[in-house]
There are 2 protein chains.
Amino acid sequence: MTLFLSTHHNKIDKKGRVSIPASFRGELSEESFQGVVLFRSNIHQCLEGFAWSYMQEIGKRLDDFDLFSAEQDDLATSIFGTAVQLSMDGDGRIVLPKDLIEFAQFDEKATFVGMGKKFQIWTPESFESRRDVARQAVQSKGLTIPKGAHDGGRK
Amino acid sequence: MTLFLSTHHNKIDKKGRVSIPASFRGELSEESFQGVVLFRSNIHQCLEGFAWSYMQEIGKRLDDFDLFSAEQDDLATSIFGTAVQLSMDGDGRIVLPKDLIEFAQFDEKATFVGMGKKFQIWTPESFESRRDVARQAVQSKGLTIPKGAHDGGRK
DNA sequence: ATGCTTCCCATGGTATCCCATATATATCCA
DNA sequence: TGGATATATATGGGATACCATGGGAAGCAT
């Protein structure tokens, strides 16, 4: 089971390349496609990513919607339409597309944040504040992780 | 499994030719027919397309309607009636028929939007707003991808 | 022929591959 | 224990292959 953990700060070179943290690569090593899928977060000004196999999983679930329904269309547009499949080079790097760099406002450093089966990529500064906000929220709302068959609860 | 992903902006030359994005071609490479099927979208002012083999899938789903029902008739007309089969040239381009260019109001740029098993083609401007609307809808309606084996309503 | 379409090749820009270097971590041996 | 050597990771740069695009030549119908 893939579990992305911890945070890593890596540099984005002038070609737009950035190394996937080695521990993340370890989680990806058994994937048939050596790379990741990235897309714009719906709620934050950051990128989200996961393994290719997870994208296929999503694809299968979307099949269950009516092919031409409005829901299917909305979901497919916002998920598949904004996602990109990025393969790693021999050294474990990916190239970030220009529009995604712009969206997340990357300068020269990218912060990889492990979040279990997905991960996020922030600018170091914005993640700094994001972490504080998140910790605050967990404290004040007393958030916990539900126990059994869990489906995200909120939705 | 075919999965069209991401968005690509390609140019339509004066001959009406446009390149199928390379990643889309990759998904199509195993198809017996090297090309795509295009037709007018029922809900948007854009084109929809997919691999020839997927046309069969559509056919099967249509079979589930009563053969002489009004719905079957409407769907069959709007999908099969307006669909065109376009083969790629040696460089991975197709020629857009004039009536489809007119329908989607293409100028000189076409935006290919991956949506899993199918894709859409928009003008860059109209897709810009379409993407925002879709994201809004996903957020406000709280649309999510069902978790397990899901029966997306009609079967 | 004329107009339209399909095929083929040329080009420029970009992304991909490959190798070099530096820094950090781990390993080994005295 | 200390020091030296190996291994892994992150980063930089150059060579190459691929892709999008334009234009011309060849086929086909009217």
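One structure accompanies this document, and this report is about it. The model shown is predicted, which means the values in this text are computed figures rather than measured ones.

A word on the relation of the copies chain A and chain B. For these two chains of identical sequence, chain A goes onto chain B by a turn of 28° and a shift of 9.0 Å along the axis, with RMSD 1.4 Å. Comparing interface residues between copies, only 18% of those in chain A also lie at the interface in chain B; the contact surfaces differ.

With that out of the way, let us pick up the protein's contact with DNA strand D. Around DNA strand D, 26 residues are found, and the nearest of them are Lys11, Lys15 and Arg17 of chain A together with Lys11 and Lys15 of chain B. For DNA strand D, the fraction of protein-proximal atoms (within 4 Å) that sit in sugar or phosphate groups is 51%. The side chain of Arg93 of chain A places a nitrogen or oxygen atom 2.7 Å from a base oxygen of DNA strand D. Contact distances for DNA strand D include 3.0 Å between a phosphate oxygen and a side-chain N or O atom of Lys14 of chain B.

Before going further, it helps to examine the side chain of Arg40 of chain A. Position of Arg40 of chain A among the secondary structure elements: in strand S3 (residues 35-40). Residues contacting Arg40 of chain A, with those up to four places away along its chain left out, are Cys46, Leu47, Thr82, Asp99, Leu100 and Phe103 of chain A together with Arg131 and Arg135 of chain B.

Before going further, it helps to examine the sheet that holds strand S7 (residues 109-115) of chain B. Residue and element names in this part refer to chain B. Here we have six strands laid out as an open sheet, ordered S1-S7-S8-S4-S3-S5, and antiparallel in their pairing. If you trace the sheet from one side to the other, it starts and ends with strand S1 (7-11) and strand S5 (84-87), each paired once. On average, each strand axis in the sheet is tilted by 30° relative to the strand beside it, whichever way the strands run. Where S7 meets strand S8 (residues 118-122), five bridges bridge the pair, whose relative direction is antiparallel. Residue pairing in the sheet places Thr111 in a bridge with Trp122 of S8. On the sheet, helix H2 (residues 52-63) packs against strand S3 (35-40), strand S4 (47-50) and S5 and is oriented at approximately 105° with respect to S4.

Here we take up the packing of H2 of chain B against helix H3 (residues 70-79) of chain B. Residue and element names in this part refer to chain B. The geometry of H2 relative to H3 is characterised by a closest axis approach of 11 Å and an angle of 165° between their N-to-C directions. Classed by the angle they form, the pair H2 and H3 counts as roughly antiparallel. Handedness of the crossing formed by H2 with H3: left-handed. Taking contact as the criterion, the partners of Met55, Ile58 and Leu62 in H2 are, on H3, Gln72, Leu75, Ala76 and Ile79. In the contact of H2 with H3, the residues fall into six nonpolar, one polar and no charged.

Residues and elements named next belong to chain A. Taken in spatial order, the six strands line up as S1-S7-S8-S4-S3-S5 in an open sheet, and their pairing is antiparallel. Looking at strand neighbours, the two that pair on one side only are strand S1 (7-11) and strand S5 (84-87), the edges of this open sheet. Ignoring which end each strand starts from, the neighbouring axes of this sheet average 30° apart.

Calculation notes
- Residues numbered from 1 in each chain as written.
- Chains lettered and ligands numbered in written order.
- Predicted model: local features only at pLDDT ≥ 70, side-chain atom pairs only at ≥ 80, totals over all residues.
- Heavy atoms only, no water.
- Least-squares fit on C-alpha atoms with pLDDT ≥ 70 in both.
- Contact = heavy atoms within 4.5 Å.
- Near = heavy atom within 4 Å.
- Polar contact = N/O pair within 3.5 Å; in protein donor to acceptor, adjacent residues only side chain to side chain.
- Helix = DSSP H or I, 4+ residues; strand = E, 2+ residues; numbered from the N terminus.
- Pairing = 2+ DSSP bridges.
- Axes fitted to C-alpha atoms, helices over the stretch in contact; angles between N-to-C directions.
- Parallel < 35°, antiparallel > 145°, perpendicular 65-115°, else oblique.
- Left-handed = near helix turned anticlockwise from the far one by under 90°.
- Nonpolar A, V, L, I, M, F, W, Y, C, P; charged D, E, K, R; others polar.

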